[in-house]
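Below, each chain spelled out in residue letters.
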Number of protein chains: 2
Amino acid sequence: MDRRKLIKFVAGTVAGSCVIGTSRYVAASEESEPAGKFGDGAVVLFQGDSITDAGRDKKNRADRPNDARALGDGYPFVIAGQLLRQHPTKKLKFFNRGSSGNKVPDLQKRWKKDCIEMKPDVLSILVGVNDIWHKMAGRYDGTVEDYRKGFSDLLEQTRAELPKVQLVICEPFALRCGAVEDSWFPEFDERRQVAADVAKDAGAIWVPFQKMFETAIEAGTDPQVWAADGVHPTLAGHALMAETWRQCVGV
Amino acid sequence: MDRRKLIKFVAGTVAGSCVIGTSRYVAASEESEPAGKFGDGAVVLFQGDSITDAGRDKKNRADRPNDARALGDGYPFVIAGQLLRQHPTKKLKFFNRGSSGNKVPDLQKRWKKDCIEMKPDVLSILVGVNDIWHKMAGRYDGTVEDYRKGFSDLLEQTRAELPKVQLVICEPFALRCGAVEDSWFPEFDERRQVAADVAKDAGAIWVPFQKMFETAIEAGTDPQVWAADGVHPTLAGHALMAETWRQCVGV
């Protein structure tokens, strides 16, 4: 493995490709907390599917901020731990509302309760892999354009109801191993582009997870090291995602 | 809060006070992997009480290395994630065998199965708070000298059976809040000194958690930020422990 390449990648390349949208929502973004600095008492909410869910306790602890079980075993937990350690007096509040199996329409159904009413200051969303996975498995018939429309509508609604929220959109990813079939492509790449477009339009910070994993794999690591089934990250994968998320968000 | 003081603390002060024992076990230590470098395929085992256990799944997954649920929600999970990310081709194997409520005699009872037979290359132990807590609660009668003898015997046995193991001894800690009573002192301080003595005699790397937390509190943070009940770390506390552990072990 080319360790220098990997280290260089982790340290800088990915952060360099994080993009903060410069479209119609810039004004709103400028009013909100600048990236790199969460305000005192900021509420940070992670949304998405099983990758974000990561086995969190949904029944008993979901309403407790910064609770290890409520945050699951994935990148939200790792990010929360690092930021709570680094900013011990800021009273940051981290919540996870990722839910296994979710696609964009599932987020839309529970958005009022699981996002708007929680009044996040920072909202991170990772969604898209089930939108294609369930389609390929014959359990869903949403097109790429449905993904675009649904995701756009979700963010429009969010901007309308939470004008100051700092949006963070994470790139859906699929590594070529495990459950990820050739039949996913090129449609999955189109869906990744949709997520990037939607993020830009919404003035969101973009976290390029696909590029991150591909760079790590190009540096000489097996994809299974990062996600055994190509979709669900290992502990190493979640730790790498957390590091890149923090770099992109500037915290 | 004096953030500079805290940052300085996290970045260097504690690492500066990590001590690698220089006693009779130096020869054995020198034969083993040098601190700061885990060999390919190294088995890293965490042992201790509830602080290490951190809600791990003991039933179904304990034998799976690097499994998030099997590692629990504490510092072993955070350390494992960071090191697996940084060394993705080394095939490191992390296990957690911390068990809630354990004192030194409990570790002794299960040491053969839960340590020796696992043949760790790196063994990290954090034990001591239940040895005083259960005593103060009238459920145990072990003295400070019992703690010293039991802990010493445990490490003697370990060195005899695993001559090349890199030992890491973590300082037991108690923050002055929650369940921690004034009646614990000065006996708890004596027990901390015993752990330090035993670590030195065993040629172990020493991780000064009490000093770490005290420095963080002196820098202007509430003890509850790090351990709500004075004993069990919060997410922030575990993240801080993980950072200090890595600094002390040099990885």
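My aim in this report is to walk through the structure given alongside it, one point at a time.

Cut-offs used in this document
Residues numbered from 1 in each chain as written. Chains lettered and ligands numbered in written order. Predicted model: local features only at pLDDT ≥ 70, side-chain atom pairs only at ≥ 80, totals over all residues. Heavy atoms only, no water. Disulfide = S-S within 2.5 Å. Least-squares fit on C-alpha atoms with pLDDT ≥ 70 in both. Contact = heavy atoms within 4.5 Å. Pairing = 2+ DSSP bridges. Helix = DSSP H or I, 4+ residues; strand = E, 2+ residues; numbered from the N terminus. Axes fitted to C-alpha atoms, helices over the stretch in contact; angles between N-to-C directions. Buried area = accessible area lost by both parts, 1.4 Å probe. Salt bridge = Lys/Arg side-chain N within 4 Å of Asp/Glu carboxyl O. Polar contact = N/O pair within 3.5 Å; in protein donor to acceptor, adjacent residues only side chain to side chain.

1. Notes on the state of the cysteines
Thinking step 1. Counted according to the given criterion, the structure contains 0 disulfides over all chains.
Thinking step 2. In this structure C170 of chain A is a free cysteine whose sulfur lies 8.5 Å from that of C248 of chain A, the closest cysteine sulfur available.
Thinking step 3. There is no disulfide at C177 of chain B, and the cysteine sulfur nearest it, in C170 of chain B, is 20 Å away.

2. Here we look at the relation of the copies chain B and chain A
Thinking step 1. Mapping chain B onto chain A calls for a rotation angle of 180 degrees and an axial translation of 0.0 Å; the resulting RMSD is 0.0 Å. Here the symmetry operator amounts to a two-fold rotation axis.
Thinking step 2. In this assembly the copies share their binding face: 100% of the residues contributing to the interface of chain B also contribute to that of chain A.

3. A word on the sheet that holds strand β2 (residues 93-96) of chain A
Residues and elements named next belong to chain A.
Thinking step 1. Read across the sheet, 5 strands follow the order β2-β1-β3-β4-β5 without closing on themselves; strand pairing throughout is parallel. Both edges of this open sheet fall to β2 and β5 (205-207), since each of them pairs with a single strand only. Across the sheet, the mean angle separating the axes of adjacent strands is 15 degrees when strand polarity is ignored.
Thinking step 2. Here strand β1 (residues 43-48) runs beside β2; their pairing, made up of 4 bridges, is parallel. Among the inter-strand pairings, L45 is bridged to a residue of β2, identified as F95.
Thinking step 3. The sheet strands contacting helix α10 (residues 187-201) are β4 (166-170) and β5, and the helix crosses β5 at an angle near 160 degrees.

4. A short note on the interface of chain B and chain A
Thinking step 1. Residue-level contacts link 30 residues of chain B with 30 residues of chain A.
Thinking step 2. It is D73, R85 and L235 of chain B in chain B that bury the most area against chain A; as a group they hold 28% of the surface buried on that side.
Thinking step 3. Inspection of the region where chain B meets chain A yields 4 salt bridges.
Thinking step 4. The residue R85 of chain B makes a salt bridge to E243 of chain A at a minimum N-O spacing of 3.7 Å.
Thinking step 5. At the boundary of chain B and chain A, one finds 2 residue pairs in polar contact (both at pLDDT 80 or more).
Thinking step 6. For the side of chain B that touches chain A, the secondary structure elements donating two or more residues are α1 (3-16), α4 (68-71), α5 (75-86), α11 (223-226) and α12 (235-249) of chain B.
Thinking step 7. Here the side of chain B that touches chain A takes 8 residues from α5 of chain B, the largest share from any one element.

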